[in-house]
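Report on the structure
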Amino acid sequence: MNNLKIHHIGYLVKRIEKAIKAFEDLGFVVEKPSKIDSTRNVSIAFLIKDGYRIELVSPINEESVVFNLLKKYKNSPYHICYESDKGNFEHDIELLINQGYVAIDEPTPAPCIDGRRVVFLMNPSLGMVELLEY
Ligand code: NI
């Protein structure tokens, strides 16, 4: 699966504006300011440094898909997002599932990534990955 490119590292944070400030102090530059994804009940922001893109994710209420994860992990990285080549999204999902990944949700448009579809999958040896449609 050499065709998958790393798009971002997902970082769980308690307070997104404070986290943005802290990453800016480390030299990160905001690519997309925080925005609410109401399908997942999270705020999301993207920042870049040295070619590395991080996604800050913060629950906005207890309904959020990451509310319990935040309690467990505190502020910490929790997934790497890989981008499929054009037209390969469904095929890549199938390949990952054949490699032992289990999809933990359905492919859903991500409002904070231009409405492109994403799906989360779990691997027993490396945890959670996100796959992003081209
Ligand atoms: Ni992500």
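In this report, the structure presented in the accompanying data block is examined.

Procedures and definitions
- Residues numbered from 1 in each chain as written.
- Predicted model: local features only at pLDDT ≥ 70, side-chain atom pairs only at ≥ 80, totals over all residues.
- Heavy atoms only, no water.
- Patch = residues over 30% accessible without salt bridge, like charges linked within 9 Å, V, L, I, M, F, W, Y side chains within 5 Å.
- Areas by Shrake-Rupley, 256 points an atom, 1.4 Å probe, with all protein chains shown as cover.
- Salt bridge = Lys/Arg side-chain N within 4 Å of Asp/Glu carboxyl O.
- Helix = DSSP H or I, 4+ residues; strand = E, 2+ residues; numbered from the N terminus.
- Donors = N, O, S within 2.8 Å, 3.2 Å for Na, K, Ca; no water.
- Tetrahedral: all angles 85-135°; square planar, octahedral: opposite > 155°, others 65-115°.
- Buried < 20%, exposed > 50% of the residue type's maximum accessible area, 1.4 Å probe, protein only.
- Arc of directions from axis to C-beta.
- Contact = heavy atoms within 4.5 Å.
- Core = buried A, V, L, I, M, F, W, Y, C linked by side-chain atoms within 4.5 Å.
- Phe/Tyr/Trp six-rings, centres within 6.5 Å; stacked < 30°, edge-to-face > 60°.

Taken together, the side chains of Val102, Ile104 and Met122 present a nonpolar region at the surface, about 260 Å² in accessible area. Along the chain, the position of Ile104 falls in the loop between β6 (102-103) and β7 (108-109).

Attention now moves to the coordination of the nickel ion. For the nickel ion, the full set of protein donor atoms is His8 (NE2), Glu55 (OE), His79 (NE2) and Glu130 (OE), at a range of 2.0 to 2.1 Å. Taken together, the four donor atoms coordinating the nickel ion span angles of 88 to 175° at the metal, a pattern that classifies the geometry as irregular. For the nickel ion, the single-chain donor residues occur in sequence as H-x46-E-x23-H-x50-E. Pair noted here: His8 is in strand β1 (residues 5-12) and Glu130 is in strand β9 (residues 127-132), with a separation of 122 residues, a long-range link. For the pair shown, His8 and Glu130 are each scored as buried.

At 3.6 residues per turn, the α-helix brings residues three or four places apart onto the same side. Residues of helix α1 (residues 16-25) that are buried include every one of Ile16, Ala19, Ile20 and Phe23, and no others. Taken around the axis of α1, the buried residues stretch over an arc of 105°, which confines them to a single face. What points out from α1, more than 90 degrees from its buried face, is the exposed set Lys18 and Asp25. Those residues of α1 that are buried are in contact with β1, β2 (29-37), β3 (42-49) and β4 (52-59). One or two residues past the end of α1 sits Gly27, with phi positive at roughly 105°.

To continue, consider the nonpolar core. Grouped together as the largest cluster of nonpolar side chains are 16 residues, with contacts concentrated most on Leu12, Ile44, Val57, Val66, Tyr78, Ile113 and Val118. It is β3 that contributes the most residues to this core, three residues altogether. Counting residues in each nonpolar core, the second largest holds ten residues, with Val13, Ile16, Phe23 and Leu56 among its members.

Here we come to the packing of aromatic side chains. On inspection of all chains with the given rule, the structure shows two aromatic pairs. Arranged with centres 5.1 Å apart and planes meeting at 85°, the rings of Tyr11 and Phe23 form a pair that is edge-to-face. Taken as a pair, Tyr11 in strand β1 and Phe23 in helix α1 lie far apart in primary sequence, twelve residues in all. Taking the relative accessible area as the measure of exposure, Phe23 reaches 12% and is therefore buried. Where Phe23 meets Phe28, the ring centres are 5.1 Å apart and the plane angle is 80°; that geometry is what we call edge-to-face. An aromatic cluster of three or more residues is present, and its members are Tyr11, Phe23 and Phe28.

The residue Asp50 is not glycine, and still its phi comes out positive at about 50°. Position of Asp50 relative to the elements: it lies in the loop between β3 and β4. Asp50 sits in the exposed class, given a relative accessible area of 64%. Phi at Lys74 takes a positive value of approximately 60°, unusual for a residue other than glycine. With respect to the helices and strands, Lys74 occurs in the loop between α2 (67-73) and β5 (76-83).

That is the geometry; function is a separate question.
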